[in-house]
Amino acid sequence: MTISNLEIGLYIFVLSAFLGFEVIRRVPQLLHTPLMSMTNAISGIALVGSLLIAGAHRTTLSTVLGTLAVIASTINVVSGFMITDRMLRMFKRRDERKE
Amino acid sequence: MTISNLEIGLYIFVLSAFLGFEVIRRVPQLLHTPLMSMTNAISGIALVGSLLIAGAHRTTLSTVLGTLAVIASTINVVSGFMITDRMLRMFKRRDERKE
Amino acid sequence: MRDNIIAVSYLAAGVLFILALRWLSSPRTARRGVQAGEVGMLIAVIATLLRSEIVSYEWILVGLFIGSAIGVPMAVFMPMTAMPQRTALSHAFGALAASMVGISEFYLHTPRIDHFTMGALGFEVLLGSLTFTGSLMAFGKLQGILPGRPIVYRGQNVMNLSLLAVAVGLAVYLVVDPSVSALFPIVVVLALVFGVLLIIPIGGADMPTVISLLNSYAGLSGAAMGFVLNNKVLIIAGALDGASGFLLSVIMSRAMNRSFRNIMFGAFGQVQISAAGEAVDERPVRSGSAEEAAMVLETARLVIIVPGYGMAVAQAQHKVRELSDLLTRRGTEVKFAIHPVAGRMPGHMNVLLAEADVPYDQLIEMDEINSDFPRADVAIVIGANDVTNPAARHSQGSPIYGMPILEVDKAQSVMVIKRSMAPGFAGIENELYHEDKTMMLFGDAKAVVGGLVHELSQTGVAV
Amino acid sequence: MRDNIIAVSYLAAGVLFILALRWLSSPRTARRGVQAGEVGMLIAVIATLLRSEIVSYEWILVGLFIGSAIGVPMAVFMPMTAMPQRTALSHAFGALAASMVGISEFYLHTPRIDHFTMGALGFEVLLGSLTFTGSLMAFGKLQGILPGRPIVYRGQNVMNLSLLAVAVGLAVYLVVDPSVSALFPIVVVLALVFGVLLIIPIGGADMPTVISLLNSYAGLSGAAMGFVLNNKVLIIAGALDGASGFLLSVIMSRAMNRSFRNIMFGAFGQVQISAAGEAVDERPVRSGSAEEAAMVLETARLVIIVPGYGMAVAQAQHKVRELSDLLTRRGTEVKFAIHPVAGRMPGHMNVLLAEADVPYDQLIEMDEINSDFPRADVAIVIGANDVTNPAARHSQGSPIYGMPILEVDKAQSVMVIKRSMAPGFAGIENELYHEDKTMMLFGDAKAVVGGLVHELSQTGVAV
Ligand SMILES: NC(=O)c1ccc[n+]([C@@H]2O[C@H](COP(=O)([O-])OP(=O)(O)OC[C@H]3O[C@@H](n4cnc5c(N)ncnc54)[C@H](OP(=O)(O)O)[C@@H]3O)[C@@H](O)[C@H]2O)c1
Ligand SMILES: NC(=O)c1ccc[n+]([C@@H]2O[C@H](COP(=O)([O-])OP(=O)(O)OC[C@H]3O[C@@H](n4cnc5c(N)ncnc54)[C@H](OP(=O)(O)O)[C@@H]3O)[C@@H](O)[C@H]2O)c1
């Protein structure tokens, strides 16, 4: 990593963190539990890094660790999005209830 | 400019534009006029580019245009911040009025 | 090492600009926002001056000096009523700087410019140049230097669009083959001309929306400069600016019930308002004197003041505050009803009343105050017209149909202060003036409100 | 060309993640948010699979398959009451992935690692490893595999802090001289151990705040991975995650009136609650039967239901909804008062009641409902305790002093459903139970509410 990569990373990190604060503070209490599982799902983006390690096939150690990482992040992605959706489907307004 | 610079620029632009929307939609109507003059002041950041041209002393043309640009952006910076502050000083709550 | 310090400084400046806008979300923190912005700008400028590209400071100092010599008096002496003009002028300066920098960059590097840089440069110079002349035209119209009425002729839209198409086409050609540098000045000139033509068909009263759009263009051209110079704080500030201008024009268009497309394409197809087709309201109009009005006000418990563009024209805000203070001292509750597009600029009424020392917690936004009108004994409409017009609620053919209004007609009685029966910005009649409960107080807003103040202070407090 | 597509895809994925969270700001758009997130993830994964670094897909497929085989059943069969545990487990997985990737990267490039990469790697692996074991411990405590009570011993804080200091020190040493690769496994092991020790002294009930903090750590370690791999979407997602965890823990700490510092440093200095010092309330307690309670409810016009942790324990939400429906059908207005930290997780009560089909516009937040209590004929407190304790308002020595509460004691009459006089999470007595207007209905929440439903449906509608 060069210093300019570090700089770019910092820009992106700072802007995203700011944006995260602004966006998340507008999530109502009502949806705080789905918010938690949604961020769990998004944290599954570690999958990107894991795939790169598992698929690069460089050393046995890295392939094993990479595959473990793929498993762990896939669990997060799959269960995170599914649970969030399952929860959100339950939230209904009074007028939507009798369908 | 390389393609990777373009990519980085796009990331920063998109994140900042998003952040701008989130932040600015929370500015109340009450302060829309100061908001306009504040963004005028911030747009004076073109000063950064202007200084680089005016100070590099490469061709006569670029020095002249650069100096013009420095003048134009300095006007924005100086008058923008000063007017915004002048306006905001006028906004008082009922309990602050009798001071 | 120096490069790292510079990189960190730019990041810090970007963050401070974001904080500056964030703190504008409340009047309590807004001044802190200005300070954040100032510090950010200072940091960015100092960091730039440290850069190795800068070899001589003489012209920089000259520029900074002249700029401050113009900017400081402008800030100190500018009357608050001139804010729309000032904003237009400021966009012109911003766009000027962007295109000057773009032009310099082009001639410094031509003919060895890569495609990407040329693309960003083209964008910067095109937008910058058209925003420059467009904003100057807008300034001229608002300041009254140029005639405010729209200048329209046959085939105007076709001509404007073809001009723009040619300019964009040449710019694209330059991107494909950046060595044909002779095309560049043509692009600049076409863009400058287009900026003028863009504003000609737009009436002075439609300027605020256009100005916001130009704000957004100026921001985008600044961001493009950031791409050209590979400078991230320019990109951040440009994006913030672009977002702000865009949002404000959307807010205005919504509150004015104009279509979003109408706004996006700015001037093209500006709505032609024909007041002719409408049936004339034949009910009589009741005109009253300051004395009669004062008598009604004496017994009121809740009075809602509805200011509009006429208050700005007459500079009546100080007299209005006197009236409000007088009523308050007599035990009457006074509130101000602020429509989002009252006046000619977002937040116009708020700034004027703040200038006259009206506390901002007395300025109530439309959604909140509308439920109070039925309780109000008197609604005093001071130089407002369209924003109170009940036609918006029921008259489907009206140009303001569907626009949310201040429900002044729900008050127990209404007083309207204006000089004549002339229509407002939208050019349509206002049936409110013909209602039984309405009393017209004809005259300049400052004079009439002054008269009310005089009458009210004559009679003792204990009525 | 392919690289450009990949770069644009990652940007699109980042934008979609931001939109996903943005659309969570309203229940109407929230499901669209999930879709945005899913599409973003799909785009990011496909883009990654296109990258030239990936030479073989076998282990990838194995990993994706096993992961889905575990993830899908987990999502389908997980009861809503197990959400806190699931969240903890998910942070463990995220952190595990981050540290596995970090460890691989280290061994792939050692000893030729530059200082910056080593810094980011150290951060990633340290945070990842401690979050991994910490989250597993939290999971164990919440699931009841490990004892829930805090395990405290002398010098614990000193020991934990020194351990952390050693781990950080070694990591810094590695940054300065990345060639001493033998230090790396030591750092990993120390971090893993620290994660365990960090959670040991924290009681099960304090877990939710800690979990949110771990969420934030996991996010930061993901962002560090983005720095190591020079991958921008990882940085964006990590930052969003970090911000979310941080904000939620701040919200919880505020609503629980715990100091911010207390939260920032997580476990250290967990508040020692001593209920002993307090004077015991000697007023008698009035215990009632379901029959008596039903009689009171029959004549009520407005009933406010206050659910708490006990409703979750008893899984009584479906019975509660039956009660609410029954009352509504009899013409009684029913509202639910939701305290921000009722239950053991932010939004806990909302999810449970939504599961039981209670419409969300009937769930009212604290600030809004508090003004309704004086109008309420009956407030039914179902398994809530601390969030209703009036001591928060006046008893300065109390651990919950200053915490905003639901003002149940302002209702005309109060019914409290719980199994005993045992205290809640904060371990303190609740004077509400001793008030004249309070009737205690002892028993498991599900059984008692079921009894109320039974009694109420006996008597005809026309009372
Ligand atoms: N705020 C914005 O951002 C914005 C932007 C663009 C367009 N607009 C448009 O501007 C309009 C604003 O509505 P508005 O109700 O504030 O104003 P308006 O509808 O334009 O009406 C202003 C009224 O003030 C009266 N007036 C002018 N000078 C006066 C003076 N010296 N003393 C007393 N009265 C005077 C005029 O009547 P007389 O000539 O009879 O005196 C006129 O009817 C809306 O149609 C809105 O869509 C607003
Ligand atoms: N929501 C969050 O994010 C969060 C996070 C961390 C901490 N907390 C803390 O958790 C507390 C939440 O307050 P709360 O009022 O919801 O709960 P609480 O104060 O913990 O009280 C729960 C009550 O439910 C009763 N209960 C337990 N099982 C029951 C059952 N099966 N049937 C009937 N009643 C039962 C218990 O009394 P019996 O044993 O007598 O039945 C207990 O008094 C607050 O102190 C808050 O600070 C919340």
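What counts, and where the lines are drawn
- Residues numbered from 1 in each chain as written.
- Chains lettered and ligands numbered in written order.
- Predicted model: local features only at pLDDT ≥ 70, side-chain atom pairs only at ≥ 80, totals over all residues.
- Heavy atoms only, no water.
- Domains from an automatic or database assignment.
- Contact = heavy atoms within 4.5 Å.
- Buried area = accessible area lost by both parts, 1.4 Å probe.
- Salt bridge = Lys/Arg side-chain N within 4 Å of Asp/Glu carboxyl O.
- Nonpolar A, V, L, I, M, F, W, Y, C, P; charged D, E, K, R; others polar.
- Near = heavy atom within 4 Å.
- Polar contact = N/O pair within 3.5 Å; in protein donor to acceptor, adjacent residues only side chain to side chain.
- Helix = DSSP H or I, 4+ residues; strand = E, 2+ residues; numbered from the N terminus.
- Buried < 20%, exposed > 50% of the residue type's maximum accessible area, 1.4 Å probe, protein only.
- Pairing = 2+ DSSP bridges.
- Areas by Shrake-Rupley, 256 points an atom, 1.4 Å probe, with all protein chains shown as cover.
- Expected span 1.5 Å × (residues − 1).
- Phe/Tyr/Trp six-rings, centres within 6.5 Å; stacked < 30°, edge-to-face > 60°.
- Lys NZ or Arg CZ within 6 Å of the ring centre and 35° of its normal.

Let us look at the domain arrangement of chain C. Residues and elements named next belong to chain C. Taken domain by domain, chain C holds domain 1 (1-77), domain 2 (80-270) and domain 3 (290-458). The gap between the C-alpha centroids of domain 2 and domain 3 is 37 Å. Contacts between the two partners involve 12 residues from domain 2, matched on the other side by 17 residues from domain 3. Looking at the side of domain 2 facing domain 3, the largest losses of area belong to Met80, Thr81 and Ala255, adding up to 38% of the total buried there. At the junction of domain 2 with domain 3, the criterion picks out zero salt bridges. In terms of residue class, the side of domain 2 that touches domain 3 is made up of eight nonpolar, two polar and two charged.

Residues and elements named next belong to chain D. Around ligand 2 sit 31 residues in total, of which Arg344, Asn385, Asp386, Arg419 and Ser420 are the nearest. Contacts to ligand 2 include Arg344, whose side-chain N or O atom sits 2.8 Å from an oxygen atom. Side-chain polar atom of Lys418 to an oxygen atom of ligand 2: 3.0 Å apart, as the coordinates give it. Those elements giving two or more residues to the shell around ligand 2 turn out to be α8 (207-229), α9 (232-256) and α12 (309-314).

Once that is clear, we can look at the pairing of strand β1 (residues 302-307) of chain D. Residues and elements named next belong to chain D. Within β1, six of the six residues are buried, which leaves the element mostly enclosed by the surrounding structure. Residue alternation in β1 divides its side chains into two sets, Leu302, Ile304 and Val306 and Val303, Ile305 and Pro307, and both sets are buried. Here β1 runs beside strand β2 (residues 333-338); their pairing, made up of four bridges, is parallel. Across the sheet, Ile304 pairs through a bridge with Lys335, a residue of β2. With five bridges connecting them, β1 and strand β4 (residues 378-382) associate as parallel partners. The residue bridging Ile305 from the neighbouring strand is Ile380, located in β4.

Before going further, it helps to examine the interface of chain A and chain D. Listed per partner, the contact involves 86 residues of chain A and 109 residues of chain D. Summing the contributions of chain A and of chain D, the shared interface buries around 8,800 Å²; its carbon and sulfur component is 74%. Of the charged contacts, one joins D:Asp357 and A:Lys92 as a salt bridge, the two residues approaching to 3.8 Å between their closest N and O atoms. Summed over the shared surface of chain A and chain D, the result is 14 residue pairs in polar contact (both at pLDDT 80 or more). For the side of chain A that touches chain D, the secondary structure elements donating two or more residues are α1 (3-24), α2 (32-43), α3 (46-56), α4 (60-90) and α5 (94-97) of chain A. In terms of residues, the side of chain A that touches chain D owes the most to one element, α4(A), which gives 29 residues. A per-class count over the side of chain A that touches chain D returns 48 nonpolar, 28 polar and 10 charged.

What follows deals with the site of ligand 1. Residues and elements named next belong to chain C. As a structural note, the neighbourhood of ligand 1 is formed by 30 residues, with Arg344, Asn385, Asp386, Arg419 and Ser420 the closest of them. Ser420 is positioned with one of its side-chain polar atoms (N or O) 2.7 Å from an oxygen atom of ligand 1. When ligand 1 sits alone it has 910 Å² of accessible area, and the protein chains cover 97% of it. Listed by contribution, the elements that provide at least two residues to the shell around ligand 1 are α9 (232-256) and α12 (309-314). Among the residues forming the shell around ligand 1, the class breakdown is 17 nonpolar, eight polar and five charged. Both domains that furnish three or more residues to the shell around ligand 1 are identified here as domain 2 (80-270) and domain 3 (290-458).

Across its 17 residues, helix α7 (residues 183-199) of chain C extends 25 Å between first and last C-alpha, which sits within 8% of the 24 Å expected from 1.5 Å per residue. All of the buried residues along α7(C) are C:Leu183, C:Phe184, C:Val187, C:Val188, C:Leu190, C:Ala191, C:Phe194, C:Gly195, C:Leu197, C:Leu198 and C:Ile199.

Attention now goes to the packing of aromatic side chains. Per the counting criterion, the structure on display carries eight aromatic pairs over all chains. Ring centres 5.8 Å apart and planes at 90° place the aromatic pair C:Tyr107 and C:Phe184 in the edge-to-face group. One end of the pair, C:Tyr107, is in helix α4 (residues 83-109); the other, C:Phe184, is in helix α7, with 77 residues separating them in the sequence. On the basis of relative accessible area, C:Phe184 is assigned to the buried category, the value being 2%. Ring centres 5.1 Å apart and planes at 90° place the aromatic pair D:Phe106 and D:Tyr107 in the edge-to-face group. What links up through ring pairs into an aromatic cluster is the set C:Phe106, C:Tyr107 and C:Phe184. Against the face of A:Tyr11 rests C:Lys232, its NZ or CZ located 5.5 Å from the ring centre. For the cation-ring pair, D:Arg344 lies above D:Tyr309, with the distance from its terminal atom to the ring centre recorded as 3.7 Å.

This next bit is on the interface of chain A and chain C. Opposite the 10 residues of chain A that make contact, chain C presents 11 residues. Buried area between chain A and chain C, both sides added, is near 970 Å², and the carbon and sulfur share of it is 73%. The tally of links from chain A across to chain C stands at two salt bridges. Notably, a salt bridge pairs C:Arg22 with A:Glu22, separated by 2.6 Å at the nearest N-O pair. Connecting chain A to chain C are three residue pairs in polar contact (both at pLDDT 80 or more). For the side of chain A that touches chain C, the class distribution of residues is seven nonpolar, no polar and three charged.

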